[in-house]
Amino acid sequence: GLKWRDIDPEDARRRVERLGWQVAANQGHDPQSTPEGTRHSIAARIRVLQDYAAWAVAMNQTACEFDPELSEIPLGMEGGLPGWAIRLDGGGELELLGRIDRVDVHHLPGGSTQYIVLDYKSSVQKPDRVKIENGLQLQLIAYAAALREIEGAAGALRSDGRPLLPVGVFHIPLKVKTATAKTRVEALDKAGEASFPHAGLFDLSALGQFDSRPGGQ
């Protein structure tokens, strides 16, 4: 099928705009009849997605070796992968259920299938070491661990027999940026391009696969 690196950034923008307005129309927001303020708000959110899609496609073509493989993956729910059953001391069992926003993969020739788990957020969220060490911020880490354990994950990630190796978990902020203006509509119109600083944890040895540019961050 068509991969992100197979289309150019402007094509990505056009596709996202078309899909965005289709989704809005399905939710009762027809562009011709929706009030101006609501229409501008929807347009601003679509622009964020357009900016992200263009940025992500450009990165895939020039610097990042990971390709999106799965999106909106249910764990332990109908139509998805099984939940992760974790056996507890004493004979009990804990099952991890949830929904993973996105999984990207990179197949190393003759090696493993590296993968990263990504979660879209409406604001910037950074990992907190204290919360992680005390079990309060484990969602993405748990998802990454689950994919290596649950039946069917290797096939879904097209590993072709390669061992699965999680190398990162990231939050991606998709937030509408606003600017100072007299009205809300003007502020949304003046909003600049969104930025997408991925925040998370990763295996430093995979840095070259995340960003192959000289001095890649």
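The model shown is predicted, which means the values in this text are computed figures rather than measured ones.

Caption draft 1: Fine view of the overall build of the protein. Broken down by element type, the protein carries seven helices and seven strands. Shown N-terminal to C-terminal, the secondary structure of the protein runs as helices and strands in the order α-α-β-β-β-β-β-α-α-α-β-α-β-α. Looking at the protein as a whole, 37% of its 217 residues qualify as buried. The long-range fraction of contacts in the protein, counting pairs at least 24 apart against all pairs at least 6 apart in sequence, stands at 70%. When the accessible surface of the protein is summed, it comes to about 12,800 Å², and 51% of that surface belongs to carbon and sulfur atoms.

Caption draft 2: Just the side chain of Q209, in detail. Position of Q209 among the secondary structure elements: in helix α7 (residues 207-210). Among all residues touching Q209, those that are not within four sequence positions of it are A63, C64, E65, F66, H106 and Q114.

Caption draft 3: Broad picture of a nonpolar patch on the surface. On the surface, a cluster of nonpolar side chains totalling about 200 Å² of accessible area is made up of L138, I141 and L201. If you trace the backbone, I141 turns up in helix α4 (residues 139-149).

Caption draft 4: Structural context of the packing of aromatic side chains. Counted by the stated rule, this structure contains six aromatic pairs. Aromatic side chains F66 and F210 sit 5.1 Å apart centroid to centroid with 20° between the ring planes, which places their arrangement in the stacked category. With a gap of 144 residues between them, F66 in the loop between α2 (36-62) and β1 (67-75) and F210 in helix α7 connect regions that are remote in the sequence. Assessed through its relative accessible area of 0%, F66 is described here as buried. Aromatic side chains F170 and F202 sit 6.1 Å apart centroid to centroid with 25° between the ring planes, which places their arrangement in the stacked category. Taken together, the residues span a long stretch of sequence, with F170 in strand β6 (residues 164-173) and F202 in strand β7 (residues 199-202) at a distance of 32 residues. A relative accessible area of 39% means that F202 is categorised as partly exposed. Ring-pair connections join several aromatic residues into one group, and the members of that group are F66, F170, F202 and F210.

Caption draft 5: The arrangement of the sheet that holds β1 in detail. The strand order β1-β4-β5-β6-β7 describes an open sheet built from five strands, whose pairing is mixed. In this open sheet, the two strands that pair with only one neighbour each are β1 and β7. Averaged over all pairs of adjacent strands, the angle between their axes in this sheet comes to 25°, without regard to strand direction.

Caption draft 6: Focus on helix α1 (residues 9-26). If you check α1, its first and last C-alpha atoms are 26 Å apart, about what 18 residues at 1.5 Å a residue would give, namely 26 Å. Listed in full, the buried residues belonging to α1 are D11, A12, R13, V16, G20 and A24. The secondary structure elements touched by the buried residues of α1 are α2. Near the N-terminus of α1, the side chain that reaches the backbone nitrogen of E10, with its oxygen 3.0 Å away, is that of D8.

Caption draft 7: Layout of the pattern of salt bridges. Going through the model one piece at a time under the given rule, you end up with nine salt bridges. Between R158 and E69 there is a salt bridge, and its shortest N-O distance comes to 2.6 Å. With a gap of 89 residues between them, R158 in the loop between α5 (153-156) and β6 and E69 in strand β1 connect regions that are remote in the sequence. Ionic pairing is found between E93 and R87, a salt bridge with its closest N-O pair at 3.7 Å. Sharing partners across several salt bridges, the network here consists of E10, R13 and D51.

Caption draft 8: A look at the confidence of the model for the protein. In this model, the protein carries a mean pLDDT of 87, and residues with pLDDT of at least 70 account for 89%. For the protein, the element scoring lowest by mean pLDDT is helix α6 (residues 184-190), at 47; strand β4 (residues 98-107) scores highest, at 96. Confidence over residues 187-194 falls short of pLDDT 50; this stretch has 24 contacts with residues more than four positions distant or in other chains.

Parameters at a glance
Residues numbered from 1 in each chain as written. Predicted model: local features only at pLDDT ≥ 70, side-chain atom pairs only at ≥ 80, totals over all residues. Heavy atoms only, no water. Helix = DSSP H or I, 4+ residues; strand = E, 2+ residues; numbered from the N terminus. Buried < 20%, exposed > 50% of the residue type's maximum accessible area, 1.4 Å probe, protein only. Contact = heavy atoms within 4.5 Å. Areas by Shrake-Rupley, 256 points an atom, 1.4 Å probe, with all protein chains shown as cover. Patch = residues over 30% accessible without salt bridge, like charges linked within 9 Å, V, L, I, M, F, W, Y side chains within 5 Å. Salt bridge = Lys/Arg side-chain N within 4 Å of Asp/Glu carboxyl O. Phe/Tyr/Trp six-rings, centres within 6.5 Å; stacked < 30°, edge-to-face > 60°. Pairing = 2+ DSSP bridges. Axes fitted to C-alpha atoms, helices over the stretch in contact; angles between N-to-C directions. Expected span 1.5 Å × (residues − 1). Polar contact = N/O pair within 3.5 Å; in protein donor to acceptor, adjacent residues only side chain to side chain. pLDDT = per-residue confidence, 0-100.

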